[in-house]
Every structure is written in structure tokens, then in C-alpha cells.
Amino acid sequence: MDHITYEERYAAHPADVKNYDTDRLREQFLIEKNFETDKIVLTYTMNDRFIAGGAVPVSKSLSLDPIDPLKASHFCDRREVGMINIGGEGIVEVDGKEIVLLPMEGIYIGKNTKSIILKSKSGSNPAKFYINSAPAHQAYPIKKIELKDRITLDLGNSNDANERQIFQYIVAASVQTCQLQMGITKLKPGSIWNTMPPHTHNRRMEVYLYIDLPKNHAISHFMGEATQTRHIWMTNEQAVISPPWSIHCASGTSSYTFVWGMAGENLDFTDMDAIKAIELK
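What you see is a predicted model; the values in this text were computed from it and never measured.

What follows concerns the pairing of strand E15 (residues 181-187). For E15, a buried count of six out of seven residues is recorded, marking the element as mostly surrounded by other parts of the structure. For strand E14 (residues 164-170) and E15, the ladder comprises six bridges, and the chain directions are antiparallel. Bridging from a neighbouring strand, isoleucine 170 pairs with methionine 182 of E15. The pairing of E15 with strand E23 (residues 257-264) spans six bridges and is antiparallel. When the bridges of E23 are listed, lysine 186 appears paired with threonine 257.

Let us now look at the sheet that holds strand E2 (residues 30-31). With antiparallel pairing, seven strands are arranged side by side in an open sheet as E2-E21-E18-E23-E15-E14-E13. Of all strands in the sheet, those bounded by a partner on one side alone are E2 and strand E13 (151-155). Of the pairings in the sheet, the one linking E2 to strand E21 (residues 239-242) comprises two bridges and is antiparallel in character. Paired with isoleucine 31 across the bridge in E21 is alanine 239.

Positionally, lysine 276 belongs in the segment after strand E24 (273-274). With 199 residues separating them along the chain, lysine 276 and aspartate 77 place their C-alpha atoms 42 Å apart.

With that settled, consider the pattern of salt bridges. By the definition in use, this model includes ten salt bridges. In this structure, glutamate 7 and arginine 9 form a salt bridge, with 3.0 Å as the shortest nitrogen-oxygen distance. Looking at glutamate 7, the relative accessible area reads 37%, which means it is partly exposed. Judged by its relative accessible area of 7%, arginine 9 is buried. Here glutamate 237 ties to lysine 128 by a salt bridge, and the two come within 3.0 Å at their closest N and O atoms. Pair noted here: glutamate 237 is in the loop between strand E20 (228-234) and E21 and lysine 128 is in the loop between strand E10 (116-120) and strand E11 (129-135), with a separation of 109 residues, a long-range link. Salt bridges sharing partners connect three or more residues here, namely Glu93, Glu98 and Lys119.

Cut-offs applied
- Residues numbered from 1 in each chain as written.
- Predicted model: local features only at pLDDT ≥ 70, side-chain atom pairs only at ≥ 80, totals over all residues.
- Heavy atoms only, no water.
- Buried < 20%, exposed > 50% of the residue type's maximum accessible area, 1.4 Å probe, protein only.
- Helix = DSSP H or I, 4+ residues; strand = E, 2+ residues; numbered from the N terminus.
- Pairing = 2+ DSSP bridges.
- Salt bridge = Lys/Arg side-chain N within 4 Å of Asp/Glu carboxyl O.

Interpretation in functional terms is not warranted from these geometric data alone.
What follows is the structure, encoded as C-alpha cells:
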């Protein structure tokens, strides 16, 4: 199974995190590489046992096989999976049935699925599947999310430099899941702040994948407790793990997009504990 690489991350206590230096913060929470040609690259975090990563099939198909920590015969024996294709046209073969995913389309795959094979329509413009997965207690139907199926929210304003659109792909209002949620937030030109003012949601953790960031630009992702904030500088197509106790917001040197994925005990998207910007330290 040399087409899959993975690493494991342990959960961290907030009292410990406030003592981390830059290198330790990045080692614990930053996922630097998510996409590699003809490979599936995964990170398994003990925060809600969430898995995040990517697959780029160029010269061959890639099978989403179980990694050793799952101790399972199939990846979805006890898990559900969400994917959003941020690359060229791709194909997800689920238990022998091929489902085409155009750029920025998504798919939900439920528990007990036996086979997931990822393909690109063209090797010169390969698909780039961003993968999120969480433990599942029940099997729910596979569902493809086309662009027209997304729930769209307009938030923020240009005066606060946080004007953005939220596209909900996998949320309780439209897709049945055990705990997984996924979507995309796209900042309007001239806006640089996401999720500002920030919030926490102790009922679920989150992973952000930053995309569409121009060359030579960067993101400063903010995390930590509201009174013990820390930041991690990131570049395009890097991801960051946000524990349930941590704030999450970011500012970029340019506008950008990010893919968010969540898992935990509450599927209410609006379940957030808001924090005023003036309360941050």
C-alpha cells in the first residue's frame, strides 16, 4: 500500500499549548503537505479521531485503503467520508459505481462502503480530492453535491475586510451524516479576515485547508484560547487542526478560499460561542 502515506497527531491540552514555541505549534497543528502526485496523503488526529488529507491521481487510480490505526478491513468499516474536488474533473468509484466530480463538486460516502477508488479524467489536468473522515455509528446514503446543491450564505462586509461567501456542502440541512460536516468559505476581493470576530465550538473540532492563495502570499492563522492566542503562518494548500477549545480565524496577505471540515457531537452549524475582537489577547 505504498500509494498511501499517513501520520498521527495526538490531541493537546490548552494549558500545554500556551507554552509551545513556533516549531512545536507547527509540528502539532500544521499539516504542511496534503497533496502529492499519484498518492493519498492523510493525517490522523486524535481530536475526534478526524482524518484529513488529499489524493491526486495522475497516472493511475488510487484506492482509499484503511491505514493501520483504523484496524479495519475497509476504510469505511466504521467511518464516513466527505470529499471536495478542488482540481480538474475526477471520478469517485464507490463499490463499483462511478460518480463524476466536476471541479468544486463534493461527495458524501457513508459507513460500510467497501471500495473507494479515485481517478482523474485527464492526467494533464488531474482531480485533486480533499478528503475528510470521521468515525460513524450508522450507515447513511451516498450523496453527490453539485454546485447547485450547495447552501450559500453571504456574511461580513467590505468595511471590516471580511466579506465572504460560505458554501455548505455536507451539513445537517442537506446531507445525513453521523458527525461529519464540510464546506467552503470564499473571501471577496479586498477582504482578508475569515471568521472574524472569532468563536469556539467546544462540541466539535475543525480542520481548515487554505486554497486559492496567490504565489508569494501567506495566511496567518490564529488559534489558542481567547486570552492565550497563538498564530501559525501558512501557505497555499496547507491545512491546520483546530481543537474544540481553540479559536480559529485568519488574516491573509491576499484574499483566499478555505475548505472547512468538522466533527463532534453537535451537527447544528450555528452552534458557536462568539468572542468579541476586543476580548482577544
